[in-house]
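A structural walkthrough
Residue-level listing of the chains:
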Amino acid sequence: MTPDKNYFVVGLGEVLWDMLPDGKQLGGAPANFAYMTSLLGDEGIVVSRVGSDALGRAAGRRLERLGLRASHLQLDRAYPLER
């Protein structure tokens, strides 16, 4: 059965980098939820706040490459991730 319309599903919460032995992987349950929603045919949106540093900007670029809009990410200039 095909739905009559697509839905907007918001993943509200953390976007983070998992620093693993094989390298960093974008994570956070809300971001993962939005991504899986988009794979199922609806539009997943990530709403979060990241540091205004290289890792924060990289998170936005990675979301875009995964097909998720980064327009709902806020950049926090007071608390960058890298200190």
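Attention now moves to the nonpolar core. Of all hydrophobic cores here, the largest spans 14 residues; its most connected members are Val-15, Trp-17, Leu-26, Val-46, Ala-59, Leu-63 and Leu-73. Going through the elements one at a time, α1 (29–39), β4 (43–51) and α2 (54–65) are the ones with two or more residues in this core. Looking at this core element by element, the count peaks at four residues for α2. Those residues in contact with Val-46, other than ones at most four positions away along the chain, are Gly-11, Val-15, Ala-31, Ala-34, Leu-63, Leu-68, His-72 and Leu-73.

With that out of the way, let us pick up the pairing of strand β1 (residues 8–12). Side chains on a regular strand alternate between the two faces of the sheet. Of the two faces of β1, only one is covered, namely that formed by Val-9 and Gly-11; the face formed by Phe-8, Val-10 and Leu-12 stays uncovered. As paired elements, β1 and β4 share five bridges and run parallel to each other. The residue bridging Val-9 from the neighbouring strand is Gly-44, located in β4.

So, on to the sheet that holds β4. Strands sit in the order β1-β4-β5 across an open sheet of three strands; the sheet is parallel. At either margin of the open sheet sits one strand with a lone partner, and together these are β1 and β5 (73–76). The sheet shows a mean angle of 15 degrees between the axes of neighbouring strands, direction not considered. Both β4 and β5 contribute to a ladder of four bridges, which runs parallel. Residue pairing for β5: Arg-49 is matched across the bridge by Gln-74.

Along α1, the residues classified as buried are Pro-30, Ala-31, Ala-34 and Thr-37. Down the axis of α1, the smallest arc covering the buried residues is 125 degrees, so these residues share one side. Those residues of α1 that are exposed and aimed more than 90 degrees away from the buried face are Ala-29 and Leu-39. Along its buried surface, α1 packs onto β1, β3 (23–27) and β4. Where α1 terminates, the next one or two residues include Gly-41, which has phi positive at roughly 110 degrees.

The rules behind each value
- Residues numbered from 1 in each chain as written.
- Predicted model: local features only at pLDDT ≥ 70, side-chain atom pairs only at ≥ 80, totals over all residues.
- Heavy atoms only, no water.
- Core = buried A, V, L, I, M, F, W, Y, C linked by side-chain atoms within 4.5 Å.
- Buried < 20%, exposed > 50% of the residue type's maximum accessible area, 1.4 Å probe, protein only.
- Helix = DSSP H or I, 4+ residues; strand = E, 2+ residues; numbered from the N terminus.
- Contact = heavy atoms within 4.5 Å.
- Pairing = 2+ DSSP bridges.
- Axes fitted to C-alpha atoms, helices over the stretch in contact; angles between N-to-C directions.
- Arc of directions from axis to C-beta.

These figures capture arrangement, not role.
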